[in-house]
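Listed here are the chains, written in short residue letters.
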Amino acid sequence: MVLLFLSLVLVPVSAAVHRVLGRDTGWFAAAALIGLGAAALPWIGPIVEGEVLEEHLPWIPTVDVGISLRLDGLGMVFLLLVLFIGALVMAYSARYFSAQKRTNDYYIWMLLFVFAMSGMVMADDLILLFVFWEFTTLCSFFLINRSGDKAPAPAQRTLLITMAGGLGLLTAVLLTIVATGTTRISEALQHEVWQQDGVFTSVVAVLVVLAAFTKSAQFPFHLWLPDAMVAPAPVSAYLHAAAMVKAGIYLLLRFSPAFEGVVIWQTLLIVCGLITALIGALFAMQRHDIKEIMAYSTVSQLGFLVTVIGVGTPTALAAATIHVIAHALFKSSLFMMVGIIEHEAHSRDIRKLNGLHRTMRVSGVITLIACLSMAGIPPLMGFVSKEHLLAGFLSAEFGAGLTWLITGLMVLAAVGTFAYCGRIVLGSFTSYTGAGRQDEVLEPMRPEASHEAPLSFYLPALLPAAAGLMLGFTPQIFDGLVSAAASAASTVEYEAHFLLWHGFTVDLALSATVMVVGVVLVLSRTRVDSLIPRTILPFTGVQVVERLRTGSIAFGRRVGDITRTDVHGLHLTVPGILLGGIFVAGILAAPFVGELTPGHTRMTDWVLIGLLVAFLIGSVVAQSRTAAVVLVGGAGFVVAAWYFLLGAIDVGMTQLLVEILTVVVLVLVMRKLPKRFHEVSRTRTVVSAAVAIAFGVMAFIAAFALTGRRGQSPVAEWYLENTYEEAQATNIINSILVDFRALDTFGELTVLGVAGFAILALLNSAFSTSDNAPAASRLWVGTPISNAEDNTTAMRMVFNWMAPFIILLSVVLLVRGHYESGGGFIAALVAGGFFALRYLVAPSDSAVKLRFDYAMVIVGGIMTGAAVGLLGFLEGSYLRPIMWDIPLPWGGEFTFTTALIFDVGIYLAVIGAVLVALDRLGQAQRYPAELLRAHRKAFGTPEGQPHNSEHRYVDPGDVPLEVDPTAGEDTTSMQEVSDR
């Protein structure tokens, strides 16, 4: 738990360090990850001995959600790769990027990726596993998307594919939780339902395979990985060597015990894995860009892993684990070397690279060692893992014919691996004669155009390559850890034994065959290269996904066009049908509810109904927008009064305050609208009135029939009896919001914040793109109302006296909400009234411009709510309120609860959302500065100086406006202003 927490804390710490070190933050991050990895090393001993490390922190115990971590041999292998390969990539990044390159967000997303991967491989909770899984997807998207102008499309395609798999994993997680009755992975995988319900097991198996295939780039989802190569080399080295693509492999290994012997599981893994390994090798042989070759080689190697996991024997699972380690070493080194070659030789095309072995000898040696390991040449680690892969294929329990067919196809893919490894080394560092056919040959670069990278640059790539060489001599050091990992991925205990020399075995014979045939292909590379087709199908996978992406966008736009209209009928049809259904249900239920008898109503009800009808009729027939706003507000005030009479004080106060602020916002909006509504025909008026009355009647009958005059529900009775004892609160409504259902309120709080930002974005967009907005404030020029300074004097005097009392009332309502009517929402609306008055009494928007970022007020409110939730852990559950009895100086005690601080979060978020609307709508609409600059440029006018010719520069403010007295709006268009 501490390790996971520190990996998260490293993110903001590195962001702060970046302000001082810049790109050298990579060294700091590398040292931190090495420290975390070193702290985890002592756990290997107990794990090898059979111990499993487990920790559980309750999050929301009532729904069995918690942070459950479990570290066994399988999780330990992946955790060490995530931390140590991550450290190498961080150190490499410190020299890969230039000092001028913006890298702060890069380090943030990379370290968040480390946190997400660490959490995923240690998670023992299905919900937690899914959260971390999707977090890796988002981090990958942002890391790719930040990589230049060409990056957004590949990033979106990658996101679509991997998130489709995430939906599959979500479905599998939910089905598993329902069927097993637990969210703990270790318990769920041991449940008997996997053996008892074959249909359920097969469905979940397919969903898990879908998730893993999309993340680990398996056919037919393999296309995203080469497409994501637009990302820089460090991202490719980490995400596509040690981390993201290995997430799918981890998922398959983790769920293997549940699907052992399941036909559809083995069929999908073996068939798709074989296809992926073969086509990955073929596509690598087609490419000339060494980064593309590396990408398809990764696809191919992942196909090896998926196939051997599909075989499913303990030997095969141990082989998959050791190859995961070997692959992380040689592939991370090779991807970092691609970045060095591109950085120092300014090209990745083997048709242009020429003789780099003369000027980049160290780089050549590193690349050679890593490629030899990937090709499976002794005595490197890749040779050991490849031999065990072959042994894993031969251990399949499918019958001799099928077993040898699978093994033979894998040997063919391994030959392809040997061939494209030769293509990488010879193509990058020698005068490669097999770089392409005659029509593809490019002018080679001069050797002196490149130079060797400094030690600090190639050292992170050298270390994993050297480790692959040295560990090849002593692979037995992995026996214990890989045995523990294979046992965790299987239903039986297994002991692995790794040696460089096993004697003369079938595995060795197959390896020798691969090497001999591979050498022949490399020696005849020119001939082989000319025979390999450059295209197989008339389309590519990327083109297919792009058509799906653009097609879905076009389809969404088409669906939106259907309802993107001002015709009310189209908008009201669907809710009208739904309301009709509720009306029918209400009619059927009405006889069992009650009736309108004198005992069910009071005289005040009818008086209020009469007032409400009067206000609504007035608002409907009003021709003036101002009158309509006032009348609608009056109807809202009547509803608030009704709440007060019924005893719902909190609801009434909320309704009253919302109505006040709504009127203010509508007034600000009306400044930009005509004074009067447009005329409509009498027929349309009659039809609209009939529809409105019918809707109203149906809504009334349905609401009365389905709710009626029932007494208190059992839930309401429970709250009445237990609220004070459980929460020390006498205001039950507020206590429900901030105590019992605080998680719901926190969700609504977040939605409110998002809505505030949406309003901000919408209004910013409207103001920045408007090219014909009327200067409505000039409509009153020449009238007594035009002098804002004089006309607001009286209101300013009143406001100056009222302001302290409004703020005091807001604070009192906030503090007393736990015991009396009030709370964060109501208090914030009162404070919103303060800001609304502040705007109304100001002579201009500039005089009342906010001096702080109101958007951060929203963020502060949400963060306050989240932080208070963490305090609940002191009592064992997220968002659980904590109470302290504080003695008062005059006697007695005051019960302080963290629910009050949660209310402060609500308070801030609501105020922020109100300020967004007031500040943006309160700004005067001005003509864009671009128009003024266009005038000056067109007429050659110096800044601020009018021209004396007949085409004198005209300030829009000097143009006499043509006002339609009936419409009440400015009819002077921007084009007319420009013409004048």
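Peer 1: Describe the environment of I275, and please don't skip the residues or the numbers.
Peer 2: Relative to the helices and strands, I275 is located in helix α14 (residues 263–286). When its relative accessible area of 30% is taken as the criterion, I275 is described as partly exposed. Between the C-alpha atom of I275 and that of F304, which follows or precedes it by 29 residues, the distance is 9.8 Å.

Peer 1: How would you summarise the pattern of salt bridges if you had to cite specific residues and measurements?
Peer 2: Here the structure, examined in full by the defined rule, presents 15 salt bridges. Linking D289 and R348 is a salt bridge whose minimum nitrogen-to-oxygen distance equals 2.9 Å. Here the residue D289 occupies a position in the loop between α14 and α15 (290–311), and R348 occupies one in the loop between α16 (314–345) and α17 (356–359), the gap between them amounting to 59 residues. The structure contains a network of salt bridges with shared partners spanning E54, R70, D72 and R254.

Peer 1: Which residues make up the environment of W642, and what are the values?
Peer 2: With respect to the helices and strands, W642 occurs in helix α28 (residues 625–645). Judged by relative accessible area, which is 21%, W642 ranks as partly exposed. For the pair formed by W642 and L608, sequence separation is 34 residues and the distance between their alpha carbons is 7.0 Å. Apart from the residues within four sequence positions on either side, W642 is in contact with D605, L608 and I609.

Peer 1: How would you summarise the pairing of strand β2 (residues 65–71) if you had to cite specific residues and measurements?
Peer 2: A large share of β2 lies buried, amounting to six of its seven residues. Pairing of strand β1 (residues 53–60) with β2, which is carried by seven bridges, proceeds in the antiparallel orientation. Bridged to L53 within β2 is L71.

Peer 1: Quick one: what's the story with the environment of Y296, residue by residue and with numbers?
Peer 2: Within the secondary structure, Y296 is located in helix α15. In this structure, the C-alpha to C-alpha distance between Y296 and Q286, residues ten residues apart in sequence, is 9.9 Å. Those residues within four positions of Y296 in sequence are excluded, and the remaining contacts are P226, G280, F283, A284 and R287.

Peer 1: Give me helix α31 (residues 714–727): which residues, what numbers.
Peer 2: In this model α31 runs 19 Å from its N-terminal to its C-terminal C-alpha over 14 residues, within 8% of the 20 Å that 1.5 Å per residue would give. The largest bend in α31 is about 45 degrees, located at E721. On its buried face, α31 sits against α32 (732–740) and β3 (883–887).

Rules and cut-offs
Residues numbered from 1 in each chain as written. Predicted model: local features only at pLDDT ≥ 70, side-chain atom pairs only at ≥ 80, totals over all residues. Heavy atoms only, no water. Helix = DSSP H or I, 4+ residues; strand = E, 2+ residues; numbered from the N terminus. Buried < 20%, exposed > 50% of the residue type's maximum accessible area, 1.4 Å probe, protein only. Salt bridge = Lys/Arg side-chain N within 4 Å of Asp/Glu carboxyl O. Contact = heavy atoms within 4.5 Å. Pairing = 2+ DSSP bridges. Expected span 1.5 Å × (residues − 1). Bend = angle between axes of the 7 residues up to and from the residue.

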